[in-house]
Amino acid sequence: MSTSGTTPSTTSSDAHPRFAEALRELGLDVEVRRFPDATRTAVEAAAAIGCELSQIVKSLIFEADGVPVLVLMDGSSRVDVERVRAELGAGEVKRAGADLVRETTGYAIGGVPPFGHRTKTRVLADRGLLGHTTVWAAAGTPHTVFPLDPGSLVELAGGTLVDVRERTA
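On a predicted model such as this, the values are computed, not experimentally measured, just so you know. (Residues numbered from 1 in each chain as written. Predicted model: local features only at pLDDT ≥ 70, side-chain atom pairs only at ≥ 80, totals over all residues. Heavy atoms only, no water.)

*Asks:* What exactly am I supposed to notice about the pairing of strand β4 (residues 67–74) here?
*Replies:* As a general feature of sheets, a regular strand has side chains that alternate between the two faces. The element β4 is extensively covered by neighbouring structure, given that seven of its eight residues are classed as buried. Relative to β4, strand β3 (residues 56–64) is paired through eight bridges, and the arrangement is antiparallel. Looking at β4, one finds that Ala64 is bridged to Val67. In sequence, β3 turns back onto β4 through a hairpin of two residues, with Asp65 there showing a positive phi of about 50 degrees. (Buried < 20%, exposed > 50% of the residue type's maximum accessible area, 1.4 Å probe, protein only. Helix = DSSP H or I, 4+ residues; strand = E, 2+ residues; numbered from the N terminus. Pairing = 2+ DSSP bridges.)

Structure (structure tokens):
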């Protein structure tokens, strides 16, 4: 039985070069784990790391009246687009397409980190992220993640704490 599918390697050079540079600029020394299998979805990432789904940080790009906005959400929750629209005072909010995500952040969907993006965007961070001592986010590729305390992550991302998760019945 092979365990190579779940055994991570750990060097900061595993991070996407742009994200590794952002870490250096911030003076942030974090463990970047690289997995042989993609951790493109929150479910895949949580399984590979061995953490709760809610400890995964999803970095999602939306378009608010055509302007890119980053929403940081825990892996077990969904973004309520109407709550994002109300928070921003926007007329229309929708998920950004893959081209806009890459153009805005410099990363592909499934590997977008919470900071270290190509362009500065407004960042909304769901308050639910603060319910953990450690959260895990993408390190610029679908194969890499890094841990950080959620308060620092939100601060480094320049995020505003908001309540934008879908309410469960």
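*Asks:* Sorry, what's going on with helix α3 (residues 81–88) here?
*Replies:* Working note: α-helix, 3.6 residues per turn, so residues spaced by three or four point in the same direction. Of all the positions in α3, only Arg83, Val84 and Leu88 are classed as buried. Across the axial projection of α3, the buried residues extend over an arc of 130 degrees, all falling on one side. Residues of α3 that are buried sit in contact with β3, β4, β5 (93–95) and β6 (122–126). At the N-terminal end of α3, a side-chain oxygen is found 3.0 Å from the backbone nitrogen of Glu82, two or three residues along, and the residue is Asp80. Where α3 terminates, the next one or two residues include Gly89, which has phi positive at roughly 65 degrees. (Arc of directions from axis to C-beta. Contact = heavy atoms within 4.5 Å. Polar contact = N/O pair within 3.5 Å; in protein donor to acceptor, adjacent residues only side chain to side chain.)

*Asks:* Is there a simple way to think about the packing of aromatic side chains in this case?
*Replies:* One pass over the full model with this rule turns up three aromatic pairs. Arranged with centres 5.9 Å apart and planes meeting at 70 degrees, the rings of Phe115 and Phe146 form a pair that is edge-to-face. Taken together, the positions of Phe115 in the loop between α4 (98–105) and β6 and Phe146 in strand β8 (residues 144–148) put the pair 31 residues apart, joining distant regions of the chain. Each member of the pair Phe115 and Phe146 is classed as buried. Taken together, the aromatic side chains of Phe19, Phe115 and Phe146 make up a single cluster linked through ring pairs. (Phe/Tyr/Trp six-rings, centres within 6.5 Å; stacked < 30°, edge-to-face > 60°.)

*Asks:* Sorry if this is basic, but what is going on with the environment of Glu63 here?
*Replies:* Relative to the helices and strands, Glu63 resides in strand β3. For Glu63, a relative accessible area of 18% translates into the label buried. Remark: the alpha-carbon pair of Glu63 and Leu156, spanning 93 residues in sequence, is separated by 22 Å. Ignoring any residue separated from it by four or fewer positions in sequence, one finds Glu63 in contact with Glu92, Val93, Lys94, Ala96 and Leu100.

The values reported here are purely geometric and, on their own, carry no functional implication.
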